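What follows is each chain in one-letter form.
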Amino acid sequence: MSGQLEEKKRQEGKLEEALDDLRKKIESKRQMVENQNRTFESINDNLKLRVERRSMAELESQLKEKETLLDMSKVTEYKKVQKECNQKLQAFNQERYKSEGKIETIKAAMNNLKAKLKHDNFKNINMRYMEAKVNVTLRKIAVKDLDIYHTAMENALMKYHHQKMEEINQIINELWKTVYKGNDITGIEVKSDTENTSSTVSNRGRSYNYRIIMYSHEGTELDMRGRCSAGQKVLASLIVRMALAEVFCINCGVLALDEPTTNLDKENIEGLATTINELIAVRTEHSNFQLILITHDEEFVRLLNTDLCENYYVLSKNMDQHSEIVKHNIEELHEVV
């Protein structure tokens, strides 16, 4: 039995050795298969590379053919455009460098200003700035309001001026027709020409140039200056003064006429006396009306209404060559006649 057991052990050892040999052969075959697979993959990669290289060569050949077909003038044009673009790029770069330099300068100035803002002189600067801004805004509003008020006042004055000129000319026309006895001048009128003394809004002004015009019997409008006699000038001056007194001196009530009959003929003197009598009759209703008449023409004084004028005063020199004023009753003039 022991002999058979040993024989079995020997056979088992041989079988294990044979099994190990088979395992080694299997491992060897497996490595061979792996090597063959890698070799196959490498061959496939080489085949693909050769195909790609042939395709690239064909493309390069086609590219060379295309380049040869290009027009050389276009290439020159493209190079010119490229040169211009490069010049513009350089110019832009220079501007950029300049701008960067300016930015650095501005930053330095800002830092300097920030340092100055920390000084005591700029303490509470924001509040002071707001106060100044409010004051400026209020001044602008005030200036605007004053301009509105100025415009309204100017318009009101122009309207008032227009109304008063109409009243004055109406009275002048009535007085002229009553006083003047000639037929060469049918009426006179005061004309006003406007002039702006300043064109700025804040310093606007308006002035008027006044002139007296006359109307001939044909209705022609002419300036009286240089076209009328001395008597007509005096008469026109008196009538204008009387019209101004009638319009503007209602509350004042004082009218002074110094030598009103100078250069007037007899008919115009009589017409002036009639007008003064009518004026006195109308103004007697006003308690504050006074007429001061200075004249050497006693005949003119006689023509005045004695019911409205009681006395007159004579200024003369006495024997000692001293001036004296003597009161007389106006009836004395009529008695002398």
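Since the structure is predicted, the reported quantities are computational estimates derived from the model, not experimental observations.

Thresholds applied
- Residues numbered from 1 in each chain as written.
- Predicted model: local features only at pLDDT ≥ 70, side-chain atom pairs only at ≥ 80, totals over all residues.
- Heavy atoms only, no water.
- Helix = DSSP H or I, 4+ residues; strand = E, 2+ residues; numbered from the N terminus.
- Buried < 20%, exposed > 50% of the residue type's maximum accessible area, 1.4 Å probe, protein only.
- Contact = heavy atoms within 4.5 Å.
- Phe/Tyr/Trp six-rings, centres within 6.5 Å; stacked < 30°, edge-to-face > 60°.
- Core = buried A, V, L, I, M, F, W, Y, C linked by side-chain atoms within 4.5 Å.
- Patch = residues over 30% accessible without salt bridge, like charges linked within 9 Å, V, L, I, M, F, W, Y side chains within 5 Å.
- Areas by Shrake-Rupley, 256 points an atom, 1.4 Å probe, with all protein chains shown as cover.
- Salt bridge = Lys/Arg side-chain N within 4 Å of Asp/Glu carboxyl O.
- Expected span 1.5 Å × (residues − 1).
- Lys, Arg positive; Asp, Glu negative; His and termini not counted.
- Charge placed at Lys NZ, Arg CZ, Asp CG, Glu CD.
- Axes fitted to C-alpha atoms, helices over the stretch in contact; angles between N-to-C directions.
- Parallel < 35°, antiparallel > 145°, perpendicular 65-115°, else oblique.
- Left-handed = near helix turned anticlockwise from the far one by under 90°.
- Nonpolar A, V, L, I, M, F, W, Y, C, P; charged D, E, K, R; others polar.

**Let's talk about the overall build of the chain**
Point 1. Per the secondary structure count, the chain includes 7 helices and 7 strands.
Point 2. In the chain, the order of α-helices and β-strands from amino to carboxyl end is α-α-α-β-β-β-α-β-α-β-α-β-β-α.
Point 3. Counting every position in the chain, which comprises 337 residues, the buried fraction comes to 18%.
Point 4. For the chain, long-range pairs separated by at least 24 residues make up 58% of all intrachain contacts whose partners lie at least 6 apart in sequence.

**Examining the packing of aromatic side chains**
Point 1. All told, the structure shown has 1 aromatic pair when counted by the stated rule.
Point 2. Summarising the aromatic geometry, the rings of Trp 176 and Tyr 180 are spaced 4.5 Å apart at their centres and angled 20° between planes, so their arrangement reads as stacked.
Point 3. A relative accessible area of 10% means that Tyr 180 is categorised as buried.

**Let's talk about the side chain of Ser 216**
Point 1. Position of Ser 216 among the secondary structure elements: in strand 2 (residues 205–216).
Point 2. Its relative accessible area of 16% is what places Ser 216 among the buried residues.
Point 3. Residues in contact with Ser 216, not counting those within four places in the same chain, are Asp 184 and Thr 186.

**As for the nonpolar core**
Point 1. One finds Ile 172, Trp 176, Ile 188, Leu 272 and Ile 276 to be the most contacted residues of the largest nonpolar core, which totals 34 residues.
Point 2. Every element with two or more residues in this core is listed here: helix 3 (125–179), strand 1 (185–198), helix 4 (230–248), strand 4 (254–258) and helix 5 (266–283).
Point 3. At 9 residues, the largest contribution of residues to this core is made by helix 4.
Point 4. Look past the residues within four positions of Ile 172 in its chain and what remains in contact with it is Ile 188, Val 190, Ile 239, Val 240 and Ala 243.

**Brief notes about a nonpolar patch on the surface**
Point 1. On the surface, Leu 19, Leu 22 and Ile 26 cluster together into a nonpolar patch covering about 290 Å² of accessible area.
Point 2. Along the chain, Leu 19 falls in helix 1 (residues 2–69).

**Description of helix 3**
Point 1. Between the first and last C-alpha of helix 3 there are 77 Å, a value that for 55 residues agrees with the 81 Å anticipated at 1.5 Å per step.
Point 2. Those residues of helix 3 not exposed but buried are Glu 154, His 161, Lys 164, Met 165, Ile 168, Asn 169, Ile 171, Ile 172, Leu 175, Trp 176 and Val 179.

**Describing the pattern of salt bridges**
Point 1. Scanning all chains against the criterion turns up 9 salt bridges.
Point 2. Where Asp 223 meets Arg 211, a salt bridge forms, and the shortest distance between an N and an O atom there is 2.7 Å. A residue pair is termed long-range when its members are at least 10 positions apart, and Asp 223 in strand 3 (residues 221–223) and Arg 211 in strand 2 qualify at 12 residues.
Point 3. When its relative accessible area of 31% is taken as the criterion, Arg 211 is described as partly exposed.
Point 4. Arg 302 is the partner of Glu 299 in a salt bridge, and the nearest nitrogen-oxygen pair spans 3.2 Å. Taken as a pair, Glu 299 and Arg 302 lie in helix 6 (residues 298–302) at a separation of 3 residues, close to a single helical turn.
Point 5. Look at Arg 302 and you get buried, because its relative accessible area is 15%.

**Focus: a negative patch on the surface**
Point 1. On the surface, Glu 12, Glu 16, Glu 17 and Asp 21 cluster together into a negatively charged patch.
Point 2. Considering the arrangement of structural elements, one finds Asp 21 in helix 1.

**Topic: helix 4**
Point 1. Between the first and last C-alpha of helix 4 there are 27 Å, a value that for 19 residues agrees with the 27 Å anticipated at 1.5 Å per step.
Point 2. For helix 4, every residue scored as buried is listed here: Gly 231, Gln 232, Leu 235, Ala 236, Leu 238, Ile 239, Val 240, Met 242, Ala 243, Ala 245 and Val 247.

**Let's talk about the side chain of Gln 232**
Point 1. Residue placement: Gln 232 occurs in helix 4.
Point 2. Since its relative accessible area comes to 10%, Gln 232 is described here as buried.
Point 3. Apart from the residues lying within four places of it in its own chain, the contact partners of Gln 232 are Trp 176, Tyr 180, Asp 184, Ile 185 and Met 224.

**Notes on the packing of helix 3 against helix 4**
When two helices pack together, their arrangement is given by the angle between the helix axes and by the axis-to-axis distance.
Point 1. For the pair helix 3 and helix 4, the least separation of the axes is 9 Å and the interaxial angle reads 130°. Taken together, the axis directions place helix 3 and helix 4 in an arrangement best described as oblique. Viewed along their axes, helix 3 and helix 4 form a crossing whose handedness is right-handed. Residue-level inspection shows Tyr 160, Lys 164, Glu 167, Ile 168, Ile 171, Ile 172, Leu 175, Trp 176 and Val 179 of helix 3 in contact with helix 4, the latter providing Gln 232, Leu 235, Ala 236, Ile 239, Val 240, Met 242, Ala 243, Leu 244, Glu 246, Val 247 and Phe 248.
Point 2. Partitioned by chemical class, the residues of the contact of helix 3 with helix 4 number 16 nonpolar, 1 polar and 3 charged.

Shape is all these values report; function is a separate question.
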